[in-house]
Amino acid sequence: EKILSLTDGGSVRLDTIVAFRARNLISDIAPQISDVTMTYDTPDLSVGGGFNASTGVFTVPADGIYTFNVTYYADGAGGSREVSIYVNSATYEKIAIEITSGTTITVRSVTIKLSKGNTVSLVVYTGTATQTGTGSFAGYKVN
């Protein structure tokens, strides 16, 4: 963190460190042809707050530019899956489409300018699958 000391003895924080990472190691049961927010059973990192692994939602704690990294594995049967980043409950960017069973999506990154209170999540469109798949979701404040 960057702290500016003032001559009157006060101080001002110039930036806020925000970073999180979580993994979903066990695919969750989900209905076919549905948009499902990924949730995570293994939170690895949480600095600066904002990420709730059990809901899969990151609530932006401070205005800034953020980068999000996603990995995904389409385990179980069923194809036509899609993985998207949602901002404020709407599609911001599709990370991968037409994902078939057994496909691994290596790290994909998205950088977004966000305001305090915005929400960001990773959403899987299940297509013909009956489960979410597994993978990781990470984010950090760049500036």
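Please read all numbers here as calculations on a predicted model, not as lab measurements.

Attention shifts here to the overall build of the protein. When helices and strands are counted, the protein shows zero helices and 13 strands. For the protein, the sequential pattern of α-helices and β-strands runs β-β-β-β-β-β-β-β-β-β-β-β-β. Referenced to the eigenvectors of the C-alpha coordinate spread, the extents of the protein come out at roughly 65 × 25 × 20 Å. Counting contacts in the protein only where the partners sit at least 6 residues apart, residues at least 24 apart contribute 69% of the total. Carbon together with sulfur atoms contributes 52% to the accessible area of the protein, which is approximately 7,300 Å² in total. In the protein, 10 side chains carry a positive charge and 12 a negative one; their mean positions are 5 Å apart.

All right, on to the pattern of salt bridges then. Scanning the model with the defined rule gives three salt bridges in all. For R21, the salt bridge identified is with D44, shortest N-O distance 2.5 Å. Taken together, the positions of R21 in strand β3 (residues 19-24) and D44 in strand β5 (residues 42-47) put the pair 23 residues apart, joining distant regions of the chain. Relative accessible area serves as the criterion here: at 36%, D44 is assigned to the partly exposed category. Among the salt bridges present, the one from D44 reaches R23, with a minimum N-O distance of 2.8 Å. Of this pair, D44 sits in strand β5 while R23 sits in strand β3, and the two are 21 residues apart along the sequence.

Here we come to the environment of G50. By the secondary structure assignment, G50 is in the loop between β5 and β6 (51-52). Between the C-alpha atoms of G50 and N88, which are 38 residues apart in sequence, the distance is 14 Å. The contacts of G50, once residues within four sequence positions are left out, are V57, F58 and T59.

Scanning the entire structure with this criterion turns up 11 aromatic pairs. Between Y40 and F51, the aromatic rings sit 5.8 Å apart at their centres with planes inclined by 50°, giving tilted as the arrangement. Taken together, the residues span a long stretch of sequence, with Y40 in the loop between β4 (35-37) and β5 and F51 in strand β6 at a distance of 11 residues. Neither Y40 nor F51 differs from the other in exposure class; each is buried. The structure contains a cluster of three or more aromatic residues connected by ring pairs, namely F20, Y40, F51, F58, Y66, F68 and F137.

Right, let's talk about the sheet that holds strand β13 (residues 134-141) for a bit. In spatial order, the strands read β5-β3-β13-β8-β11; together these five strands make up an open sheet with antiparallel pairing. Only two strands of the sheet have a single partner each, and these edge strands are β5 and β11 (104-114). Here the strands of the sheet are splayed against their neighbours by 10° on average, with no regard to which way each runs. The pairing of strand β8 (residues 64-73) with β13 spans eight bridges and is classified as antiparallel. Within the sheet, the bridge partner assigned to T67 lies in β13 and is Y140.

So, on to the pairing of β8. Within β8, seven of the 10 residues are buried, which leaves the element mostly enclosed by the surrounding structure. Where β8 lies against β11, nine bridges are found, and the strand directions are antiparallel. Pairing of I65 across the sheet is with K113, part of β11.

Cut-offs applied
- Residues numbered from 1 in each chain as written.
- Predicted model: local features only at pLDDT ≥ 70, side-chain atom pairs only at ≥ 80, totals over all residues.
- Heavy atoms only, no water.
- Helix = DSSP H or I, 4+ residues; strand = E, 2+ residues; numbered from the N terminus.
- Contact = heavy atoms within 4.5 Å.
- Areas by Shrake-Rupley, 256 points an atom, 1.4 Å probe, with all protein chains shown as cover.
- Lys, Arg positive; Asp, Glu negative; His and termini not counted.
- Charge placed at Lys NZ, Arg CZ, Asp CG, Glu CD.
- Salt bridge = Lys/Arg side-chain N within 4 Å of Asp/Glu carboxyl O.
- Buried < 20%, exposed > 50% of the residue type's maximum accessible area, 1.4 Å probe, protein only.
- Phe/Tyr/Trp six-rings, centres within 6.5 Å; stacked < 30°, edge-to-face > 60°.
- Pairing = 2+ DSSP bridges.
- Axes fitted to C-alpha atoms, helices over the stretch in contact; angles between N-to-C directions.

These figures come from the coordinates and say nothing about function on their own.
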